[in-house]
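# Coordinates in review
Here are the chains, one letter per residue:
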Amino acid sequence: MPKVKLTKTALKQERDSLKQFQRFLPTLQLKKQQLQLEMRTCLERIEKNREFEHATKDALRSWTALFGDSAAVGRIEQNLSVKEVVTGEQNIAGVDVPVFKEVIFEFKPFDLFADEPWLDDAVESVKKIVSIQEEREIIRRQYELIADELRVTTQRVNLFEKVKIPECKENIRAIQIYLGDMDTAAVARSKIAKKKLQETVA
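Residues numbered from 1 in each chain as written. Predicted model: local features only at pLDDT ≥ 70, side-chain atom pairs only at ≥ 80, totals over all residues. Heavy atoms only, no water.

### Considering the overall build of the protein
Stated precisely, the cut-off is as follows: Put simply, DSSP H or I for four residues or longer makes a helix, DSSP E for two residues or longer makes a strand, and each gets a number counted from the N terminus. Each residue is assigned to one of three classes by its accessible area relative to the maximum for its type, calculated with a 1.4 Å probe on protein chains only: buried under 20%, partly exposed between the two thresholds, exposed over 50%. When checking whether two residues touch, look at their non-hydrogen atoms; a contact exists if any pair is within 4.5 Å. Only the protein chains shown count as covering a residue, and every accessible area follows the Shrake-Rupley method with a 1.4 Å probe.
Looking only at helices and strands, the protein has three helices and two strands in total. Order of helices (α) and strands (β) in the protein, N terminus to C terminus: α-α-β-β-α. Within the protein, the proportion of its 202 residues that are buried is 31%. The contacts in the protein between residues at least 6 apart in sequence include a share of 79% that link residues at least 24 apart. With an accessible surface of roughly 13,800 Å², the protein has 54% of that area assigned to carbon and sulfur atoms.

Right, dumping it as C-alpha cells:
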C-alpha cells in the first residue's frame, strides 16, 4: 500500500474517495444479486428444456414402436440437417447475451409413395428435438456469460468492501491523528514562545 500524505489535501481526497466507494458499493451488490438470480433462472430453464426434450423423444419412440419402423427415423436424420441457428441479443443485468429464436432446417423430401404417412409428423418431432437442444446450448452460453460477469462483479464488491473502503478509513484516521498532533504541537510551541516573550519583557 502506498504511503499516504499526511496533509489536509490528502484528507479531503481520502474522504472523497470513501464517499465514492460507499456510493458505488450498493449498486455493485445489487448487480451481484441480479446476476446470481439470472444464473438460477438459466439452470431452471435448462432443466425444463431437458424435460421437454425427453417428453418429445418419448412421443417419437412411441410412434416408431407403433408402426414398427425404427429405420425410418434414420432416414429422417439423413434427410434433415441444420442450416442455421437464428439468435437475437438481450441485455440481462448489464450483460449482452444471445437469445434463441429458431432453427432453420434443410430438408430433402421423402418419396410420398414409398414412405410411411406418419413420417411428416415424425420429421416435425425431430425438428422440435433439435430446436430444443439448440435452445439449451444458447441458454448454457447465457449462463457462462452471466457467470463471467458475476465473477468480475464479485471481485469488485470484494475490492471495495475488503480493501478500498477499509484502506480509506485507515488513511483518514492516520491523517486526522497526525494533523491533531501537529495542532497540539503548534499550540504548545505557541505557549512556549509566548512565555519566553513574557520572560524577555520582564
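### Here's the deal with the nonpolar core
Side chains of nonpolar character tend, in soluble globular proteins, to be buried together. Note the following rule: The definition of a nonpolar core used throughout is a set of buried Ala, Val, Leu, Ile, Met, Phe, Trp, Tyr and Cys residues joined through side-chain atoms within 4.5 Å.
Among the nonpolar cores identified, the biggest contains 14 residues, and Leu11, Leu18, Phe21, Leu25, Phe160, Ile165 and Ile175 are the most heavily contacted of them. At seven residues, helix α3 (residues 119-201) tops the list of elements feeding residues into this core. Counting 13 residues, the second largest nonpolar core, distinct from the first, contains Val103, Phe105, Val123 and Ile129.

### Describing unusual backbone geometry
Unusually for a residue other than glycine, Ala93 sits at a positive phi of about 50°. Mapped onto the elements, Ala93 comes out in the loop between β1 (80-92) and β2 (95-107).

### Describing the environment of Thr27
Of note, Thr27 is situated in helix α1 (residues 8-67). Given the relative accessible area of 53%, Thr27 is considered exposed.

### Here's the deal with the pattern of salt bridges
To keep things clear, this is the line we draw: Salt bridge criterion: a side-chain nitrogen from Lys or Arg within 4 Å of a carboxyl oxygen from Asp or Glu.
Taken as a whole and assessed by the stated rule, the structure comprises nine salt bridges. A salt bridge links Glu53 to Arg136; the shortest N-O distance between them is 2.7 Å. One end of the pair, Glu53, is in helix α1; the other, Arg136, is in helix α3, with 83 residues separating them in the sequence. Note on Glu53: relative accessible area 4%, which makes it buried. Arg136 sits in the buried class, given a relative accessible area of 10%. Salt-bridge contacts for Glu144 lead to Arg141; the nearest nitrogen and oxygen are separated by 3.3 Å. Placement of the pair is Glu144 and Arg141 together in helix α3, with a separation of three residues, close to one helical turn.

### A closer look at the packing of aromatic side chains
Going by this rule: Aromatic rings from Phe, Tyr and Trp, taking only the six-membered ring of Trp, are treated as a pair when their centres fall within 6.5 Å; an angle between ring planes under 30 degrees marks them as stacked, one over 60 as edge-to-face, and anything in between as tilted. Two conditions define a charge located above a ring, namely a distance within 6 Å from the ring centre to NZ of Lys or CZ of Arg, and an angle within 35 degrees of the ring normal.
Under the definition given, this model contains one aromatic pair. The lysine or arginine in question, Arg23, covers the ring of Phe24, its NZ or CZ lying 5.3 Å from the ring centre.

### Overview of the pairing of β1
Put simply, the rule is: In this analysis, strands are considered paired if DSSP registers two or more bridges between them.
Where β1 meets β2, 12 bridges bridge the pair, whose relative direction is antiparallel. Bridge assignment links Thr87 to a residue of β2, and that residue is Phe100. Turn length for the β1-β2 hairpin, with the two strands adjacent in sequence and antiparallel, is two residues, and the turn residue Ala93 shows positive phi of about 50°.

### A word on the environment of Asp96
How we decide: Any pair of nitrogen or oxygen atoms within 3.5 Å is treated as a polar contact; in protein, a donor-acceptor pairing is required on top of that, and neighbouring residues in sequence qualify only through side-chain atoms on both sides.
Topologically, Asp96 is positioned in strand β2. Separated by 46 residues in sequence, Asp96 and Gln142 have C-alpha atoms that sit 8.7 Å apart. Sequence-distant contacts of Asp96, that is, excluding residues within four places in its chain, are made with Glu89, Gln90, Asn91 and Leu145. Reaching out from Asp96, the side chain makes a polar contact with the side chain of Asn91 at a distance of 3.0 Å.

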